[in-house]
Amino acid sequence: MILLVVLASQIPYFISLDIPKTIVNKAIQGGAFQKVDGKVVEGATAAFLKLELALPKFLGGGSFVLFPGIALEQVAFLLAWSGMFLLMVIVNNGFKFQLNTMKGRVGERLLRRMRYQLFDRILRFPLPHFRKVKPAEMATMIKDEVEPIGGFVGEAYATPAFLGGQALTALLFITLENFWLSLVAIAVISVQLGIIPKLRKRVLVLGRERQLTARQLAGRVAEVVDGIREVRANNTSNFERADVASRLGRIYNIRFEIYQRKFAVKALNNFLAQVTPFVFYSLGGYLALTGELSVGALLAVVVAYKDLPGPLKELLDWDQQRMDIQIKYEQVVQQFNPERMLDPAAQAIDAGRDAPLAGALTAVSLSYADDTGVKLVDNVSFSINLADHLAVIGSTGGGKTELGMLAAGLLKPTGGSVTIGDLDVGKSPEAVTGRRIGYVGPETYLFPSSVLSNILYGLSHRPAERSGEMSADEIAERDSAIAESRRTGNAEFDRAADWLNYQAAGVANMDELLARVTELLKLVDFEKEIYEFGLRGNVSPQSHPKLVDSILSVRKSLRQKLDDPKFANLVEPFDRLRFNRNGTLGENLIFGKATGRKFNFDLMAENAYVKKVLDDTKLSDQLVEIGQNMAATTIEMFADLPPGHEFFDQFSFIGASDLPEYKGLLARTREAGIANLTPADRGKYISLSFKLVPERHRLGFVDDALQERFLEARKLFAQDIPDNLKTEVEFFDADKFAASATVMENIVFGKVAYGVAQAEQRVYALIGEVLDQFGQRKAVIEAGLDFQVGVGGSRLASGQKQKLGLMRALLKRPDLLVLNESTASLDSAAQKTIMDGIVAEMKGRGLVWVLHRADFADRFAHTLVVKDSKIVEQGKTVELMREGTRLHDLIKAA
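Quantities reported herein were computed from a predicted structural model and do not represent experimental measurements. (Residues numbered from 1 in each chain as written. Predicted model: local features only at pLDDT ≥ 70, side-chain atom pairs only at ≥ 80, totals over all residues. Heavy atoms only, no water.)

Moving on, we come to the overall build of the chain. Helix and strand counts for the chain come out as 35 helices and 20 strands. Of all intrachain contacts in the chain linking residues separated by at least 6 positions in sequence, the fraction that spans at least 24 positions is 74%. Carbon and sulfur atoms form 55% of the exposed surface of the chain, whose accessible area is close to 46,200 Å². (Helix = DSSP H or I, 4+ residues; strand = E, 2+ residues; numbered from the N terminus. Contact = heavy atoms within 4.5 Å. Areas by Shrake-Rupley, 256 points an atom, 1.4 Å probe, with all protein chains shown as cover.)

If you want it as structure tokens, here you go:
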């Protein structure tokens, strides 16, 4: 379609080249009109758009008039042809617009196809290959490096066809007007096409080097980010600065040489393009003076050639881009084409089997070698009934880890086989191994979403049909998106559908699924932490309506318990008419929770309205003084502590990274005096003062007079707050739920008292009693499941991540569960509790546990002892634990 449009576009382009000659010769010079003494006769007319067909000599010669034209006088004739020229300009631009749109669509579709295919290939990389690749480099290649390839494909055929067609059309036009001028143009074009591409070859080589070094830089930056703790702990930050500076220097040298060569080629190309008009003006002018070429024809030739360098230059650029893209493409292919890639059929969505796995778990001459040929599992054989539980023990690096991964189908054997009944695990599609077999390794990766999303991730097998729940417009939008996915070779799945496999979890709907998740929380000893996440988290009426509706009743009941004299001093409740000494000065001022950034304590002092309130109540100067004293006290106490010390989180107002800034601020204060500080420095002191908690920090800065002024400021703040700031704060109200406050803050409606022994634990216990009374503990746990785990689960401890991984695997009720040192990060008591629970949960189903402690093997019916990639002992655990066996010695050592 693009080539057809290109072909059609040459017709109006050729006409637009010829029209200037007609305007000059026939309209302006009057060549189409009757003349007397060289002047056009007044009232003479000429035919506009007259169409004649020349007849060949064998038909008698002459011409045949197809359309007699429209008779116009000279001015009208001039305006008509000028209008025709403008029309051709519009038509040509219309063709260009259509071509660019079509090229853009082709390019974007191919870019989408390529990015999808590369991601698809990543999903099919063999697991050991991921040790060799850097995630940042893979992401950069998919995001950035293939974009020029996709963009080029739209140009691949259209650009040479369109620009080449324009150049040939212009050259043909010049040839028809004057043969000698056409030879000049052809000679210059030949030089351009012969020399310029050769000069650009070095630029292409440098471009490849630039791409490789930039990719390596991205990978190095990602490595430093991942290993930032090691950098800090070993004082190697300056070494890393030197390394990155060296890499940047190499990139700079490459890029600068590219610029030098590129602009040298450009200068030569521009010179050649300008030589030709010189010849045209001199030779063409001479021919016009001698009468061999009309002025209109010369003008038309110059105009035609003026349009020639542009297409030629773009054609040369296109050829350079083509070679550059070829290099990029070869590099991409090299990076995304490892050995032992999974067959696409192995990840087909419906390649699984419905029947559960049964029979014996058997390994026959099983071997696995890494890329270097080193055997990590060497000729291993064993067989146990799937319903029996198997422990695998041995030293680290002896092959036990790889054996577990082979049993789960995550590694493909290089020799022998692993079977379950008649199923060859190594040759089975992921729809079998990923649904019927569960696997948890020593490290669990968590995606940056909620706890619940990560737990349910293991059930995301296939989309459910949702047409019955959708409107006609939604169905049309979905079908259109799927059709476009089909055109671009993408997966034709409905991402917005419900992907959860409820049947795999043994439930019918989301309510039952949440109940099952709650059961598993208890099984892996994770319920208490999730409950605390729920108390510390925020909920909305939309996400947790029942919990929100019960909050006020729970608050009232808790208040009644706190009124008991033995609990009376645990919480200082919020009261609009009283200063709360367990709250920050900032909270005491706004008496609420900030919903946006404008009333964030670090920014609040810069707010014009807050400044006005503080000035009107004469608080500004005193808060500056308090902030100065807080800064001085902090620096005196914490200046010698290393960054990251726990005291900064527990006691300091200022983070370790901010200490130098406040040291400078104090120095400026001593030099200029507190009365002469800049507004910005005053704001820093005031912001710091907002973090002071009188009962916690006990610095003696907050007396009764200051408390009274804060109450006055609080009243003024709420009374006169502008309309545009009302949504930035949610005021405390005993009769309302505050969405910006945590669940615990909403229930307690006050501040837990500092200085009272075990106050927080006792309040937690009272809250638990009240929640149980109202049947809302489960709702708080469900709210805790919304806790965001951070990138890679960075907001969770390693033990918590392992628990979550265990839940993810257990939720899909696997026929075989392979656990590879999956509780190593937990303490001994927690390991035993969780292990006993999982062993009971998997009764009647297969369980292979690669243990990091041999003394846990007594919970399993069979044991394999692995050493140096081989099984050195196997059999019933009871028999292997007798004195004198290797297992007995390992347990004794443990």
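This part takes up helix α15 (residues 472–487). Helical geometry note: an α-helix holds 3.6 residues per turn, so side chains three or four residues apart project in the same direction. The end-to-end C-alpha distance of α15 is 23 Å, a good match for the 22 Å that 16 residues give at a rise of 1.5 Å each. Within α15, burial applies to Arg478, Ile482, Ala483 and Ser485. All buried residues of α15 lie within an arc of 155 degrees about the axis, which places them on one face of the element. Of the exposed residues in α15, those oriented more than 90 degrees away from the buried face are Ala472, Asp473 and Glu477. Looking at the packing, one finds that the buried side of α15 touches α2 (74–123). A positive phi of about 70 degrees marks Gly489, the residue just after α15. (Expected span 1.5 Å × (residues − 1). Buried < 20%, exposed > 50% of the residue type's maximum accessible area, 1.4 Å probe, protein only. Arc of directions from axis to C-beta.)

The six strands are arranged β12-β17-β18-β9-β19-β20 in an open sheet whose pairing can be described as mixed. The sheet terminates laterally at β12 (437–440) and β20 (870–876), the two strands that pair on one side only. Geometrically, the sheet is characterised by an average inter-axis angle of 15 degrees between neighbouring strands, direction not taken into account. On top of the sheet, helix α32 (residues 798–811) reaches β12 and β17 (816–820); it is set at about 175 degrees to β12, its chief contact. Sitting on the sheet, helix α33 (residues 828–841) touches β9 (389–394), β17 and β18 (846–850), and the angle it makes with β18 is about 155 degrees. (Pairing = 2+ DSSP bridges. Axes fitted to C-alpha atoms, helices over the stretch in contact; angles between N-to-C directions.)

Here the structure, examined in full by the defined rule, presents 19 aromatic pairs. Taking 5.3 Å as the distance between ring centres and 90 degrees as the angle between the ring planes, the aromatic pair formed by Phe591 and Phe732 counts as edge-to-face. In this pair, Phe591 sits in the loop between α20 (585–590) and β14 (592–594) while Phe732 sits in the loop between β15 (729–731) and α29 (743–748), placing the two residues 141 residues apart along the sequence. In terms of burial, Phe591 and Phe732 fall into one category: buried. Put simply, the rings of Phe574, Phe591, Phe732 and Phe749 touch in pairs and so form one group of aromatic residues. Taking the ring centre of Tyr531 as reference, the NZ or CZ of Arg777 above it sits at 4.6 Å. (Phe/Tyr/Trp six-rings, centres within 6.5 Å; stacked < 30°, edge-to-face > 60°. Lys NZ or Arg CZ within 6 Å of the ring centre and 35° of its normal.)

What follows concerns the nonpolar core. Nonpolar side chains in soluble globular proteins tend to end up buried together. Leu535, Ile767 and Ile838 are the most contacted members of the largest nonpolar core, which has 79 residues in total. A per-element tally of this core places helix α30 (residues 759–773) first, with seven residues. Discounting residues that sit within four places of it in the chain, Ile838 has contacts with Leu523, Leu806, Leu810, Leu817, Leu819, Leu847 and Trp849. If you look at the next biggest cluster of nonpolar residues, it comprises 39 residues, including Met604, Leu666, Tyr685 and Phe710. (Core = buried A, V, L, I, M, F, W, Y, C linked by side-chain atoms within 4.5 Å.)

What follows concerns the packing of helix α25 (residues 659–672) against helix α26 (residues 679–689). Relative orientation of the contacting elements α25 and α26 amounts to 120 degrees, with a least axis distance of 11 Å. With respect to α26, the element α25 is oriented oblique. You can see that α25 and α26 cross each other, and the crossing is left-handed. Every residue of α26 that contacts α25 at Glu661, Tyr662, Leu665, Leu666, Arg668 and Thr669 is listed here: Asp681, Lys684, Tyr685 and Leu688. Of the residues assigned to the contact of α25 with α26, the class counts are five nonpolar, one polar and four charged. (Parallel < 35°, antiparallel > 145°, perpendicular 65-115°, else oblique. Left-handed = near helix turned anticlockwise from the far one by under 90°. Nonpolar A, V, L, I, M, F, W, Y, C, P; charged D, E, K, R; others polar.)

Our next topic: the side chain of Lys812. Looking at the element boundaries, Lys812 is found in the loop between α32 and β17. Within the buried core, Lys812 has no salt-bridge partner, and the shortest N-O distance to an opposite charge, that of Glu430, equals 9.8 Å. Of note is the side chain of Lys812, whose polar atom sits 2.6 Å from the backbone oxygen of Gly434. There is a polar contact of 3.4 Å between the side chain of Lys812 and the backbone oxygen of Ile437. (Lys, Arg positive; Asp, Glu negative; His and termini not counted. Salt bridge = Lys/Arg side-chain N within 4 Å of Asp/Glu carboxyl O. Polar contact = N/O pair within 3.5 Å; in protein donor to acceptor, adjacent residues only side chain to side chain.)

Turning our attention to unusual backbone geometry. Residues other than glycine seldom take positive phi values, yet Arg698 does so here, at roughly 45 degrees. Its location among the elements puts Arg698 in the loop between α27 (694–697) and α28 (704–720). Not every positive phi belongs to a glycine, and Arg813 is a case in point at roughly 50 degrees. Within the secondary structure, Arg813 sits in the loop between α32 and β17. Taking relative accessible area as the criterion, Arg813 reaches 40% and is therefore assigned partly exposed.

This part is about the pairing of β18. Burial within β18 is extensive, with five of its five residues counted as buried. Of the two faces of β18, both are covered, the one formed by Gly846, Val848 and Val850 as well as the one formed by Leu847 and Trp849. As paired elements, β9 and β18 share four bridges and run parallel to each other. Bridge assignment links His389 to a residue of β18, and that residue is Leu847. Of the strand pairs in this sheet, β17 and β18 are connected by five bridges, and their pairing is parallel. Bridged to Val818 within β18 is Val848. Each parallel crossover has a hand, and the one from β17 via α33 to β18 is right-handed. (Right-handed = clockwise from strand over helix to strand, strands pointing away.)

A word on the pattern of salt bridges. Using the criterion set out here, one finds 38 salt bridges in the structure. The residue Lys528 makes a salt bridge to Glu532 at a minimum N-O spacing of 2.8 Å. On the criterion of helical spacing, the pair formed by Lys528 and Glu532 is a turn pair, its members being four residues apart in helix α18 (residues 527–536). Notably, a salt bridge pairs Glu695 with Arg581, separated by 2.9 Å at the nearest N-O pair. You can see Glu695 sitting in helix α27 and its partner Arg581 sitting in the loop between β13 (571–573) and α20, a full 114 residues away along the chain. On the accessibility criterion, Glu695 (18% relative accessible area) is buried. Three or more residues joined by partner-sharing salt bridges are found here, namely Arg220, Glu240, Asp243 and Arg247.

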